[in-house]
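Spelled out, the chains give:
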Amino acid sequence: MKKLVLIDGHNLLFRMFYGIPASIHNKKGIEIKGVIGFLGALKKIDNILKSTSMVVIFDSETSTSNNLSLLEDYKSNRPSFNDVPDDENPFIGLPIIKNALKFLDIPFYEVEDDEADDYIASIASQYQKEFDEVVIVSNDSDFYQLIDDNIFIYSARGKLSKLYDEVAFLEKYFIKSNQYVEYKSLVGDNADNIKGVKGIGKKTASEILTFDSIDNYVARSSNERIKKILEDNEDIIERNKKLITLNRHLDIEDVDIGVLSDKIHRYSVYEILSSIDAR
């Protein structure tokens, strides 16, 4: 079976950095707990998912620029690491991670202007016919909108890790994956600083989408109070849809998806760090 695994690089790095409480410094004094966690997670993910190809996608400092025209506060709730001590900065180990990925022959890309989410969405959508399965590894819920017959989302949370297909997603949200954009446009997304519609909670949003779409609810429902809320907030809903909808059509011609080498199996994390002189 051909299986492409797409890693949301910053998402994984942040979870590993903050998931390891104690500092770990290499012989040069660099904080590498995020590096060790990242590489260990890659090995574990590959062991669980049995990938035949793997690509890692990182955001860049300009990755949110295209959406700021829609919402000035978009992702403004996320901390800046420009002035924090190195030991508190998840990005301090990023150069080491990139060298390790080169050693492992795992292609990686840092996205300029467009968001890594859109780049991952474009790779998944444009390559899904070439693979039996495409699995996106991220805890970013925006990826749920991509779930399809052979596109899955793997949420890595230790013992609570879960692979989401249409069935698992329906059990969690009581809606279909292709309704997720409208659902999030109603309830908002605190992670991205996107405010939802006041008066519409998760339960109500799910009930609205039993009519298949917001437009159908407005046209067919007898609940005048909810219909008025939706009509009064139409501009907010449409703005949120644009912010939440992932772009699946970016130019990804530069993406090189090869067969995953056996290095990720053969080398321990310590051996990888030794090989690139990053212990």
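Scoring rules and cut-offs
Along every chain, residues carry numbers that run from 1 in the direction the sequence is written. Under the rules for a predicted model, residues below a pLDDT of 70 receive no local features and side-chain atom pairs below 80 are neither given nor counted, while totals for whole chains, interfaces and linings still include all residues. Based on all heavy atoms of the structure, the side-chain values leave hydrogens and waters out of the count. Only protein chains enter the calculation, and the probe is 1.4 Å; a residue is then buried if its accessible area is under 20% of its type maximum, exposed if over 50%, and partly exposed in between. Here a strand is any run of E in DSSP of at least two residues, a helix any run of H or I of at least four, and the numbering for each starts at the N terminus. Any two residues having at least one pair of non-hydrogen atoms within 4.5 Å are treated as being in contact. Pairing of aromatic side chains requires ring centres within 6.5 Å, counting the rings of Phe and Tyr and the six-membered ring of Trp. Pairs whose planes differ by under 30 degrees are stacked, by over 60 edge-to-face, and all others tilted. Patch membership is restricted to residues that have no salt bridge and whose relative accessible area is over 30%. Joining uses 9 Å for like charges and 5 Å for the nonpolar side chains Val, Leu, Ile, Met, Phe, Trp and Tyr. Areas reported here follow the Shrake-Rupley algorithm with a probe of radius 1.4 Å; residue values treat only the protein chains shown as occluding. One side-chain nitrogen of Lys or Arg within 4 Å of one carboxyl oxygen of Asp or Glu is enough to make a salt bridge. Charge counting follows a simple rule: Lys and Arg are positive, Asp and Glu are negative, and His as well as the terminal groups are ignored. By convention, charge coordinates are those of NZ in Lys, CZ in Arg, CG in Asp, or CD in Glu. For two strands to be treated as a pair, DSSP must find no fewer than two bridges joining them. Note on method: axes are straight lines fitted to C-alpha atoms, helices fitted across the in-contact stretch only, with angles between N-to-C directions ranging 0 to 180 degrees.

Chemist: Would you take a moment to explain helix α1 (residues 9–19) for this structure?
Modeler: Residues three or four positions apart in an α-helix share a direction because the helix packs 3.6 residues into each turn. What α1 keeps buried is the set Gly9, His10, Asn11, Leu12, Leu13, Met16 and Phe17. The inward-facing, buried residues of α1 abut β1 (3–8), α2 (33–49), β2 (53–58) and α3 (94–103).

Chemist: Please explain the packing of aromatic side chains as it appears in this structure.
Modeler: Any two aromatic rings considered together are summarised by their centre-to-centre distance and by the angle between their planes. Under the defined criterion, the tally for this structure stands at 17 aromatic pairs. With centroids separated by 5.4 Å and ring planes inclined at 70 degrees, the aromatic side chains of Phe14 and Phe91 adopt a geometry described as edge-to-face. Here the residue Phe14 occupies a position in helix α1, and Phe91 occupies one in the loop between β2 and α3, the gap between them amounting to 77 residues. According to the relative accessible area criterion, Phe14 is partly exposed, its value standing at 25%. Here Phe91 falls in the partly exposed class, since its relative accessible area comes to 28%. With a centroid separation of 5.6 Å and 85 degrees between ring planes, the pair formed by Tyr144 and Tyr180 is classed as edge-to-face. Of this pair, Tyr144 sits in the loop between β4 (133–137) and β5 (151–155) while Tyr180 is found in helix α6 (residues 180–187), placing the two residues 36 residues apart along the sequence. Across the pair, Tyr180 and Tyr144 agree in class, each one buried. Three or more aromatic residues link up through ring pairs in this structure, and these residues are Tyr144, Tyr164, Phe169, Tyr173, Tyr180 and Tyr183.

Chemist: Which parts of the structure should I look at to understand a negative patch on the surface?
Modeler: Judged by side-chain charge, Asp215, Glu231, Glu234 and Asp235 come together as a negatively charged surface patch. Mapped onto the fold, Glu234 is located in helix α10 (residues 234–244).

Chemist: Got a minute to help me understand the sheet that holds strand β6 (residues 162–164) in this structure?
Modeler: Hydrogen bonds between backbone groups are what pair the strands of a sheet, and the pairing can be parallel or antiparallel. Spatially, 6 strands are ordered β3-β2-β1-β4-β5-β6 in an open sheet, and the strand pairing comes out mixed. Pairing within the sheet leaves two strands with one partner each, and these edge strands are β3 (108–110) and β6. Pairwise comparison of adjacent strand axes, ignoring direction, gives a mean angle of 20 degrees for this sheet. Of the pairings in the sheet, the one linking β5 to β6 comprises 3 bridges and is antiparallel in character. When the bridges of β6 are listed, Tyr154 appears paired with Leu163. With respect to the sheet, α1 is in contact with β1 and β2, its orientation differing from that of β1 by roughly 60 degrees.

Chemist: Where do I start with a positive patch on the surface in this structure?
Modeler: Together, Arg157, Lys162, Lys172 and Lys202 give the surface a local cluster of positive charge. You can see Lys162 is positioned in strand β6.

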